[in-house]
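# Close look at the chain arrangement
The primary structure of each chain is shown beneath.
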Amino acid sequence: MQKVINVNQLTKSFKNQTVLNGLSFAVKAGSVVGILGNNGAGKTTLLQTMLGYLRADSGECLIFNELSPDFSANTKHKIGYVPQEAELISWMTVEQLISYTKSFYQRWDQELVNNLLIEWQLVGSQMVDKLSVGQKQKLAIILAVAHEPELLILDEPVASLDPVSRRNFIKKLIDMNLDKERTIIFSTHITSDLERVAAEVLIVKDGMNYFHGDIDELKEKVVRLHLLAKEPLPATLPIPGLLHSRVNGRNAVVTIENFHLINMESLSQQLNARITVESLSLEDIYVELHS
């Protein structure tokens with residue numbers, strides 16, 4: 001399947017702080033990928049560098065086989081982008097801004113625009129500068145999806161929305177992906193939202209690609225083990241990929257990564273312990289990786 005995005009060894013620093021540190025990944029057409037990471041992990045920097053709003057120190061990003069930031073007009077028409085903070089022309093009305101934005105595109109789904117305006121209770125005569133933060137975010141989303149982009153990039157798209165609007169928008173994302181097989185990339189720190197819509201997750205940690213793949217694959221990679229030994233366990237357990245451990249005499253609870261590389265029978269014999277495996281939710285995994 002065609003790769004819509006190719007990011008290769010992307011690095012970006014601000015003063016003495018490295019934000020992106022040789023980050024690489026690729027996204028196939030029709031994928032829905034959630035980018036997960038702590039605040040300050042580089043999610044926004046990654047998206048802005050991919051789109052050419054920031055210049056990389058080194059490395060490269062190709063979107064539709066064109067090198068960022070030198071996209072052709074045709075490629076720009078294929079991309080919809082919603083920044084973390086909506087940047088809208090404040091002196092226009094909602095209707096005027098929609099009409100103005102529409103003039104730049106060859107395709108425009110006015111029916112979708114009208115439906116979202118009604119659903120999100122946005123009135124065409126409202127002045128943009130009088131909108132609440134959440135209303136501005138809704139309007140920015142409408143402007144980004146109305147021209148039917150093949151690639152939709154969203155930076156914390158639901159952070160300013162109320163729970164009902166968030167759930168409805170996530171359903172819209174799913175519908176857009178199913179109906180048109182759009183490629184959707186979005187950053188978030190809300191793991192429950194990501195699990196509802198994303199088939200894949202990209203975890204950015206220390207400016208690098210910690211994991212990129214199916215969410216189910218991640219859940220098979222990071223697990224929690226419960227140990228009950230016949231004798232007191234050592235304070236430092238000889239378990240590869242150990243993330244966190246809590247040892248109390250003959251009992252221990254440990255979180256590990258790369259579970260698939262561990263021979264459980266051999267480990268059980270080595271520690272003279274009975275071991276049970278606990279699967280973790282995406283939120284649990286996120287907390288374990290960043291605590």
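Residues numbered from 1 in each chain as written. Predicted model: local features only at pLDDT ≥ 70, side-chain atom pairs only at ≥ 80, totals over all residues. Heavy atoms only, no water.

## Overview of the pairing of strand 2 (residues 17-28)
Bridge count for strand 1 (residues 3-14) against strand 2 is nine bridges, and the pairing is antiparallel. Counted as the bridge partner of I5 is V27 from strand 2. (Pairing = 2+ DSSP bridges. Helix = DSSP H or I, 4+ residues; strand = E, 2+ residues; numbered from the N terminus.)

## Structural notes on the packing of aromatic side chains
Counted under the stated rule, the structure contains three aromatic pairs. Seen in terms of ring centroids, Y100 and F104 are 5.1 Å apart; in terms of plane orientation they differ by 85 degrees. Their pairing is edge-to-face. Under the relative-accessibility criterion, Y100 is labelled partly exposed at 39%. Across the ring face of F64, the terminal group of K78 is positioned such that the distance to the ring centre comes to 4.8 Å. Taking NZ or CZ as reference, K205 lies 5.7 Å from the ring centre of Y210, over its face. (Phe/Tyr/Trp six-rings, centres within 6.5 Å; stacked < 30°, edge-to-face > 60°. Buried < 20%, exposed > 50% of the residue type's maximum accessible area, 1.4 Å probe, protein only. Lys NZ or Arg CZ within 6 Å of the ring centre and 35° of its normal.)

## So, the side chain of E288
Mapped onto the secondary structure, E288 falls in helix 10 (residues 282-290). Here E288 falls in the buried class, since its relative accessible area comes to 13%. One polar contact links E288 to T255, side chain to side chain, over a distance of 3.3 Å. Excluding residues within four positions of it along the chain, E288 makes contact with R224, H244 and T255. (Polar contact = N/O pair within 3.5 Å; in protein donor to acceptor, adjacent residues only side chain to side chain. Contact = heavy atoms within 4.5 Å.)

## What to know about unusual backbone geometry
With an omega dihedral of 5 degrees, the bond running from S68 to P69 counts as a cis peptide bond. Within the fold, P69 resides in the loop between strand 5 (66-67) and helix 2 (73-77). Located in the positive-phi region is E148, a residue other than glycine, with phi close to 55 degrees. As for its position among the elements, E148 is in the loop between helix 5 (133-145) and strand 7 (151-155). The phi dihedral of D206 falls on the positive side, at around 55 degrees, and the residue is not glycine. For D206, the location among the structural elements is in the loop between strand 9 (200-205) and strand 10 (208-214).

## As for helix 4 (residues 110-119)
When helix 4 is considered as a whole, its buried residues turn out to be L112, V113, L116 and L117. Projection of helix 4 onto a plane perpendicular to its axis shows the buried side chains occupying an angular sector of 135 degrees, all on one side. Along helix 4, the residues that are exposed and aim more than 90 degrees away from the buried face are E111 and I118. Two to three positions downstream of the cap, the backbone nitrogen of E111 sits 3.3 Å from a side-chain oxygen, assigning the N-cap of helix 4 to D109. Taken from the residues just after helix 4, Q121 is the one with a positive phi, measuring 55 degrees. (Arc of directions from axis to C-beta.)

No statement about biological role is implied by the geometric values presented.
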